[in-house]
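Read off the chains here:
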Amino acid sequence: MHIRNGFTPGKKRWKKLYVSCLLRFLGRAMQRASCIDTTIQQEAASLPDEFTISLYVYHSGPGIIMKKQPGGRLQYCTSSKDFTETDLCIIISHIEAAWLLLTFKESTAQAVARDRIRIRGSIALGSQIVRILDRVEMLLLPRLLAKRAVKRYVSPRNKFRKRFQLYFGTYHSRGVR
Amino acid sequence: MNIKAQTYSFRARPKIITGLRALESVPWELELYDARSPLILVGKRHARARVTALKRAFAHSPLVVKHICVAEAQFTKQDVHLLLSTLERKQCDSIIAVGSGSLHSMAKVANALYSGGYQLDQLDQLSLRRHGTLPLVSVLTEDVDGREASTLLKFDEYFLRYDQIQPGIAVIDPRLLGRVGAAASSASALISLGQLCESMRAAELSHHSLSWVVPALRLLGDWYQRPGDKEARMAFTNAALLSQIIISNTHSGALWTLSEMLETSGLCSQAEALSALLPHYITMLCSKHNRLISDIISDVRVLSSDSPPSSLWKETANAGAERTLLRLSGKLTEQARYPGTRPIIESLCRQANRLLENGNYTEVQELIAATASGTKASQAWGGRL
């Protein structure tokens, strides 16, 4: 037997960049969708005010932090990078799991069932956030992709109008620091 | 209803992570143990490729891998000493073992000694309960029979069992599965089938065992015709782990006792012994617990609607439980291609049978008699004995 030097874990830069971009876009889309879609507003209304949620890839990101504002609005926070300091953490186990999830090869429900997503905090509130995420994906994505990304696809009312508002609003919206 | 008779316990360890990208979950799992500085123990064969795979799999993780131990297939006492000194010097907080069976044994030995501060000659006097052990991750690659992830420790003259040395996590990733021939793969499946048959004997005692037997049996029957395929090897490795968990909750019966004795004697491997003993054991088992075995087989058939067309369950749809199991064991024995040790085992059983003829008849004697006579166990019981 012989001992050899160890290694520094590798980097998957392209995958990390893609996941980072998509999570940021999703954060902004959730912020905008909570203003235009009543279903999301109803889901978000039951969260306590100033409640913070992080959705990130273990262990140091990329990820996003959302904050609940009064009136069922969700706010995307850009400044904070400490994902563990939030009231609720939704953690994706590794960059490959995030890649599967955000390239819509695997739905959120499948990822939870395969232990690729863990929730730290209230499970009930975590499920609410997952439902909001699913709704945002249904609004953003064409039916073919959305069916793969969510457990049960329900076509939203005024889908195309909302989709236009969402893409336009997401492009122009800014998160808070 | 007799409540007392329904009390049982079932130990379901290790945690099994299986499938493509299973390796990526290791840092995430080690986080639960608060371990970030593992020592990696890897077999010399394919060492470079496996280290590269680990490096890629642990991307963006907080793990700090300071040293890697590259070990030969058979390890010595010097190897254990070297491993212990490395663990001590580098203050490692976990061990990841990647390779074949002996490598996992070495990881278990080193872990047990290091955690308790023992010397190698104190291996049979360990008191691990007070000390606890380091988290051990077993990445299974080739020649897997499930014992890698068990509480069993086999080293030199020692043959020990400690609950604390069992790996916490067992990983099966197809990217790391080594190239193994159809014969070796079938031999591993034969061991799993032997373990499952043993546990079916005691399945009436624990319903948990019964629920684990069904998926393990299904994995074997689905892939038994293509043992060289990667999917089949994945299935057999999973079945080996499942059957190991079941057998660790069952007392050793006739089949296991005899096959282990034959293996320890150096006469043949355990799979070879099982290939000779299994047909007789299956006949005995089905004559005693026919209803239970038929129920298990019909449960597997119900679950196998999406199995490959060549699966055992579709081919033997109208056959009885005994014939189905005999066909599975016969086919696996044929694929394992054992070079004529069967007559030796049978002659050994004949001699043992003669020695035991006047004793009290136990299950072991019954199996010996059945193997010796080459007839059905029930006939041997009523005729020869």
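You'll find the structure just up there.
Residues numbered from 1 in each chain as written. Chains lettered and ligands numbered in written order. Predicted model: local features only at pLDDT ≥ 70, side-chain atom pairs only at ≥ 80, totals over all residues. Heavy atoms only, no water.

Draft legend 1. Region of interest: the nonpolar core. One finds Leu-193, Met-200 and Leu-217 of chain B to be the most contacted residues of the largest nonpolar core, which totals 53 residues. Here the element with the most residues in this core is helix H9 (residues 270-288) of chain B; it accounts for eleven residues. Residues within four places of Leu-217 of chain B in sequence aside, it is in contact with Leu-193, Leu-196, Met-200, Ile-296, Ile-297, Val-300, Trp-313 and Leu-325 of chain B. Leu-26, Ala-33, Leu-102 and Ile-132 of chain A belong to the second-largest nonpolar core, a separate cluster that totals 43 residues. (Core = buried A, V, L, I, M, F, W, Y, C linked by side-chain atoms within 4.5 Å. Buried < 20%, exposed > 50% of the residue type's maximum accessible area, 1.4 Å probe, protein only. Helix = DSSP H or I, 4+ residues; strand = E, 2+ residues; numbered from the N terminus. Contact = heavy atoms within 4.5 Å.)

Draft legend 2. Region of the structure containing the packing of aromatic side chains. All names here are of chain A. Evaluated as defined, the whole model comprises seven aromatic pairs over all chains. Ring centres of Tyr-18 and Trp-99 lie 5.1 Å apart, and the angle between their planes is 65 degrees; this geometry places the pair in the edge-to-face category. In this pair, Tyr-18 is assigned in helix H1 (residues 13-36) and Trp-99 in helix H3 (residues 95-102), connecting sequence segments 81 residues apart. (Phe/Tyr/Trp six-rings, centres within 6.5 Å; stacked < 30°, edge-to-face > 60°.)

Draft legend 3. Looking closely at the environment of Ile-172 of chain B. All names here are of chain B. Here Ile-172 is to be found in strand E8 (residues 169-172). By relative accessible area, Ile-172 is classed as buried at 0%. In this structure the C-alpha to C-alpha distance between Ile-172 and Leu-241, which are 69 residues apart in sequence, comes to 9.9 Å. If we skip the residues at most four places from it in the chain, Ile-172 touches Ile-16, Ile-17, Thr-18, Gly-19, Ala-22, Leu-140, Leu-177, Met-234, Thr-237, Asn-238 and Leu-241.

Draft legend 4. Quick peek at the sheet that holds strand E5 (residues 136-140) of chain B. One open sheet holds the seven strands; their spatial order is E1(A)-E3(B)-E2(B)-E4(B)-E5(B)-E8(B)-E1(B), and the pairing between them is mixed. The open sheet has two edge strands with one neighbour each: strand E1 (2-7) of chain A together with strand E1 (15-18) of chain B. Between one strand axis and the next, the sheet turns through 20 degrees on average, direction left out of account. When strand E2 (residues 38-43) of chain B meets strand E3 (residues 65-71) of chain B, the two strands line up parallel, connected through four bridges. (Pairing = 2+ DSSP bridges. Axes fitted to C-alpha atoms, helices over the stretch in contact; angles between N-to-C directions.)

Draft legend 5. Representation of H3 of chain A in the model. Residues and elements named next belong to chain A. Burial of H3 is extensive: seven of the eight residues sit out of reach of the surface. Taken together, the buried positions of H3 are Ile-95, Glu-96, Ala-97, Ala-98, Leu-100, Leu-101 and Leu-102. Lining the buried residues of H3 we find H1, strand E2 (52-57), strand E5 (88-92), helix H4 (108-113) and strand E6 (117-120). Immediately beyond the C-terminal end of H3, within one or two residues, lies Phe-104, with a positive phi of roughly 60 degrees.

Draft legend 6. Representation of unusual backbone geometry. Residue His-59 of chain A is bonded to the preceding Tyr-58 of chain A through a cis peptide linkage, with omega at 5 degrees. Along the chain, His-59 of chain A turns up in the loop between E2 and strand E3 (63-69). Following Arg-13 of chain B, the chain continues into Pro-14 of chain B via a peptide bond in cis, with omega recorded as 0 degrees. Inspection of the secondary structure puts Pro-14 of chain B in the segment before E1. Residue Glu-50 of chain A is not a glycine yet carries a positive backbone phi of 65 degrees. With respect to the helices and strands, the residue Glu-50 of chain A is situated in the loop between helix H2 (38-45) and E2. Even without being a glycine, Asn-158 of chain A presents a positive backbone phi close to 45 degrees. Summarising the element assignment, Asn-158 of chain A is placed in the loop between helix H6 (143-149) and helix H7 (159-172). A residue is classified by how much of its surface remains accessible, and Asn-158 of chain A, at 47% relative accessible area, is partly exposed.

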